[in-house]
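Inside the fold
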Protein chains: 2
Amino acid sequence: MLPERQLQFSFTQNSDILKNRYDEYRDYMRRIADVKYAAAVLQWDQETYLPPKGASFRGQQLATLSEIAHELFVKPSFGDLLKTLVADPSLEAVQKRNVALTLEDFDKNGKYPSAFVRRMSEATSTAYHAWIAARKENDFRVFEKPLADLVALKREEAHLLGFKHHPYDALLNEFEKGATVAWLDNLFREIRPVLKNILDGIMRKPAPPADFLHQHFDKDAQWKFGLDLLKIMGFDFEAGRQDISEHPFTTNFSTLDVRVTTRIDENDFASMAWSCLHEGGHALYEQGLPEGQYGLPLGEFCSLGIHESQSRLWENCIGRGLPFISYIMPLVKRYFPQLANAEARQLFAAVNKVQPSLIRTEADELTYHFHVVIRYEIEKKLIDGSLEVKDLPGYWSALYKELLGVTVPGDRQGCLQDIHWSHGSFGYFPTYTLGSLYAAQFFAYVKKQFPDLDQQTAQGDFSALHSWLRKNIYQYGRRYTSEELCNKITGEPLNLDHFRQYITEKYSLVYQSSL
Amino acid sequence: MLPERQLQFSFTQNSDILKNRYDEYRDYMRRIADVKYAAAVLQWDQETYLPPKGASFRGQQLATLSEIAHELFVKPSFGDLLKTLVADPSLEAVQKRNVALTLEDFDKNGKYPSAFVRRMSEATSTAYHAWIAARKENDFRVFEKPLADLVALKREEAHLLGFKHHPYDALLNEFEKGATVAWLDNLFREIRPVLKNILDGIMRKPAPPADFLHQHFDKDAQWKFGLDLLKIMGFDFEAGRQDISEHPFTTNFSTLDVRVTTRIDENDFASMAWSCLHEGGHALYEQGLPEGQYGLPLGEFCSLGIHESQSRLWENCIGRGLPFISYIMPLVKRYFPQLANAEARQLFAAVNKVQPSLIRTEADELTYHFHVVIRYEIEKKLIDGSLEVKDLPGYWSALYKELLGVTVPGDRQGCLQDIHWSHGSFGYFPTYTLGSLYAAQFFAYVKKQFPDLDQQTAQGDFSALHSWLRKNIYQYGRRYTSEELCNKITGEPLNLDHFRQYITEKYSLVYQSSL
């Protein structure tokens, strides 16, 4: 049978019913969201099911959708509507906030001259392909010139957007509203000795055995185990699904259609399982956002830092904790007979083993943040001009030696390992660390609120946690900045003490001595 | 990880390079195609992977994309461009034809007042939901009023579009350009006694055993067998894929991304296998269309009748023939041990068994056309007003009794069985029969050109057939009407004799006596 698009009378039209101006705004935003989510479906398909020859036309289709969404958003008449609405005293608080945030986004978009947009679009495309080639050849020099061009443009962007103290602030703001170099410098200055002390303590202890994680684990069993983990944590399979892709990610096309992906390594037990918990944490957040705010700022996530706090809360605070591991142990043994004699305590120690390494995405919960610190230092200096792109590999290696004590054997395992810079995403990395810090702070607060959370977790009962997350985080969408949200929930701004306490406790348990 | 759409600098812009007007036209059409194909991806996902709760927002996203594509297409400035180009003497033949066909489509679109478009959109939506409800209750009366409203609108549409002799001609023209009531009346008048005679002859013979097709057949084995069939017929899995859906269909997002779907019935061996060949035939056509004409009329299929000729050529002429079945027999036995003792001849007879029945989609190759004749008669009379919607079920039952000798036990197995009318698709059904007739005529012609086609087929060698189809059908896209194409290829217009001869030969072989 041929597709319905040839059967259906495909013309539809907006209703002519008289709308008030807020409804007009809302419907217009929904229309833009429809186009953006359609693009997200095409991207999801690209990463999961697209046949190889389809890639080129798919790229063109995605570019067209992204153009259309952009054209709709920057229409001057839409700007006029926003300016009228923002001054409308009859709006309710939620409506006011939606309009204010949209106007903010609109004004920001207006700061980009179209010639700049075109140059940026070309530069990122060139840089991305150069990055692919450079990785293949294990040679940063292939990426050097395109990256230098991109950095120059990012500096220009920082000036277009405007900043008070440091040009990097403008870029940070794109990912984490309100974050600044001054604030992050402080935070990282504080966190480095904390990490260093604990790491030094750990390195003096014998490492827990973890070899048993690297046997052969059946693919189907891993797949089913991953689905079970998502079910256990409360992922709604009526409003989402899991598929396979090369790199795990979470995307969504509404709060009622949230997709996670995973990959299976047959020689690594922990990789897929904890990745499911990580993506599942992102997904629960998306499934929990207010459905009625589809397409509006208050239907979107708060910030990347808060999004990451949700993935790390589930992956690390819950998922790498002893109560959770005790709970899933019978399931582990059922799916993987080779672990029949393992004990929860052993698995707990193995998946929390600390080992300084070269690759960020494979790092443990502790040394991970050194990887972020290194990228932060580099980005900041590239943007303010105190580091030149040609000196990047050397600086990278020096920092890895200094902070992690490892020697970088080549660019592929060094400064070419992340995709972010090739996309022009400067200012993204710090949100990973912010995510861990927020997660630890929220987790500490939840545990205080529910003193028997560990017992509940050990029984697979997440009802208290779910309703707390819904009530305190999910329901607000982008209503508050991450800083405001953190204050509102925990009564204080981001406070490193919670993370310090969390990892100290955890690793004291893993390494069976106080650290 | 969060999706790349949050990582990418997503603004892109059209290049400012000076274009000639044809290039401008082509790029604009590609842009529209990008949106339409994006909608097709969303529809494919809806039928294959969409989680249930995602349906409502998905419907909205599809409506928005379809609106955007429509708005782009009906822009007056685009009409002006077309009118300039159609008078441009410098265009090449292919360009001229593209522009002429686009202008034809543009002018047709202009005939629909927007109030009519809205009424039609609402009426089809209402009718579709009423049809679902009516099927559930097995009661046509639930569907009666919405269908009557839709029929009234379709009559109005026929008058808007214009016609010479019969209002139904205008609707037919949407699916098969040039088809008319006068022509089809003739064709069906001729075909009915042909079918009747052969059917009578068959009914006097003992039926071939076919029970062995209805054992339990392993799901995985069927899935793999289906993929092998697609490979055998030359489906390019680098430019397409197969998935599972409730109803099998073929769709595409470019000639390099063609998707077929199938469903597996564990108690029916033939259902999925021959459905794969059917959809595979559609898919080969789509994969064979000229890639360089993406988004343009000459990159589209000729007509529904010709599309159906491709599915039926592979499903029936090739797939239900003894040479093909002999070729796949070892594969059948490998996947399905329960058929280890079956012979090609027996399978050939079983999958060609004729049995008058109630359901069109389950009908054999011979009685199928009675189902089409019945729908044609009903549609024609509904549109010209000589049949009222309330009398439809009675007329339906009377025709089934008269032509097929079967008693309709209820509306669900009667006049509620097809989705088409609920979509407002009047004029679609005849293309199914046209497909079979074109297939038989093309097949006769190919066999004359390649006298050893049967031997090639028996060896799984389709190279001659493929290059013939590419050269004579695929490459032209919508360049010719079906009538012109048929004349060009076979040197004569559609001629029933080829189908008559084809089924006479086939059923003489199946029933082992001349019919």
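Definitions and cut-offs
- Residues numbered from 1 in each chain as written.
- Chains lettered and ligands numbered in written order.
- Predicted model: local features only at pLDDT ≥ 70, side-chain atom pairs only at ≥ 80, totals over all residues.
- Heavy atoms only, no water.
- Helix = DSSP H or I, 4+ residues; strand = E, 2+ residues; numbered from the N terminus.
- Buried < 20%, exposed > 50% of the residue type's maximum accessible area, 1.4 Å probe, protein only.
- Least-squares fit on C-alpha atoms with pLDDT ≥ 70 in both.
- Pairing = 2+ DSSP bridges.
- Axes fitted to C-alpha atoms, helices over the stretch in contact; angles between N-to-C directions.
- Expected span 1.5 Å × (residues − 1).
- Contact = heavy atoms within 4.5 Å.
- Parallel < 35°, antiparallel > 145°, perpendicular 65-115°, else oblique.
- Nonpolar A, V, L, I, M, F, W, Y, C, P; charged D, E, K, R; others polar.
- 1 Å grid on protein atoms, 1.4 Å probe; cavity = no way out; pocket = protein on both sides within 12 Å on 5 of 7 lines; lining within 4 Å.
- Points joined across faces, edges and corners; volume = space filled by probe spheres on them.
- Buried area = accessible area lost by both parts, 1.4 Å probe.
- Salt bridge = Lys/Arg side-chain N within 4 Å of Asp/Glu carboxyl O.
- Polar contact = N/O pair within 3.5 Å; in protein donor to acceptor, adjacent residues only side chain to side chain.

Residues and elements named next belong to chain A. Phi is positive for Asn 138, which is not a glycine, with a value near 55°. With respect to the helices and strands, the residue Asn 138 is situated in the loop between helix 5 (114–137) and helix 6 (141–161). Judged by relative accessible area, which is 32%, Asn 138 ranks as partly exposed.

The two chain copies are related to each other by a rotation about an axis together with a translation along it. Mapping chain A onto chain B calls for a screw motion: a turn of 180° about the axis and a shift of 0.0 Å along it, with 0.0 Å RMSD after fitting. With respect to symmetry, the two chain copies, as superposed, fit the operation of a two-fold axis. For chain A, the residue whose C-alpha comes nearest the rotation axis is Ala38(A), separated from it by 3.5 Å.

Residues and elements named next belong to chain B. One open sheet accounts for three strands, arranged 1-3-2; its pairing is mixed. Of all strands in the sheet, those with a lone pairing partner are strand 1 (240–244) and strand 2 (250–254), marking the two edges. The mean angle between the axes of side-by-side strands here comes to 20°, regardless of whether they run parallel or antiparallel. When strand 1 meets strand 3 (residues 257–262), the two strands line up parallel, connected through five bridges.

A word on helix 5 of chain A. Residue and element names in this part refer to chain A. With 24 residues, helix 5 ought to run about 34 Å at 1.5 Å a step, and its terminal C-alpha atoms sit 35 Å apart, in line with that. Those residues of helix 5 that sit buried are Phe 116, Val 117, Met 120, Ser 121, Ala 123, Thr 124, Ala 127, Ala 130, Trp 131 and Ala 134. Check the buried side of helix 5 and you find it contacts helix 6. Where helix 5 terminates, the next one or two residues include Asn 138, which has phi positive at roughly 55°.

Moving on, we get to the packing of helix 16 (residues 430–449) of chain A against helix 20 (residues 496–510) of chain A. Residue and element names in this part refer to chain A. Closest axis-to-axis distance for the helix 16/helix 20 pair is 8 Å, and the angle between their directions is 80°. When the axis of helix 16 is compared with that of helix 20, the two are roughly perpendicular. Counted together, Ser 436, Leu 437, Ala 440, Gln 441, Phe 443 and Ala 444 of helix 16 and Leu 496, His 498, Phe 499 and Tyr 502 of helix 20 form the full contact between these two elements. When its residues are assigned to classes, the contact of helix 16 with helix 20 shows seven nonpolar, three polar and no charged.

Counted according to the given criterion, the structure contains five cavities of 30 Å³ or more. Tyr37(B), Ser254(B), Thr255(B), Tyr294(B) and Gly299(B) are the residues nearest the centre of the largest cavity, which is lined by 13 residues in total. The residue makeup of the lining of the largest cavity, split by class, is five nonpolar, six polar and two charged. Taken together, Tyr37(A), Asn252(A), Ser254(A), Thr255(A), Glu286(A), Leu289(A), Pro290(A), Gln293(A), Tyr294(A), Gly295(A) and Gly299(A) form the lining of the second largest cavity. The residue makeup of the lining of the second largest cavity, split by class, is four nonpolar, six polar and one charged.

Turning to the interface of chain A and chain B, a few remarks are in order. Across the boundary between the two partners, chain A contributes 86 residues, which contact 86 residues of chain B. Between chain A and chain B, roughly 7,800 Å² of surface is buried when both sides are summed, and carbon and sulfur atoms account for 56% of that area. Applying the counting rule to chain A against chain B returns 10 salt bridges. Of the charged contacts in the structure, one is a salt bridge between Asp257(A) and Arg58(B), with a shortest N-O distance of 3.5 Å. Counting across the interface, chain A meets chain B through 22 residue pairs in polar contact (both at pLDDT 80 or more). Among the secondary structure elements, those contributing two or more residues to the side of chain A that touches chain B are helix 1 (21–48), helix 2 (55–73), helix 5, strand 1 (240–244), strand 2 (250–254), strand 3 (257–262), helix 10 (269–288) and helix 11 (304–318) of chain A.

So yeah, pure geometry; function would need other evidence.
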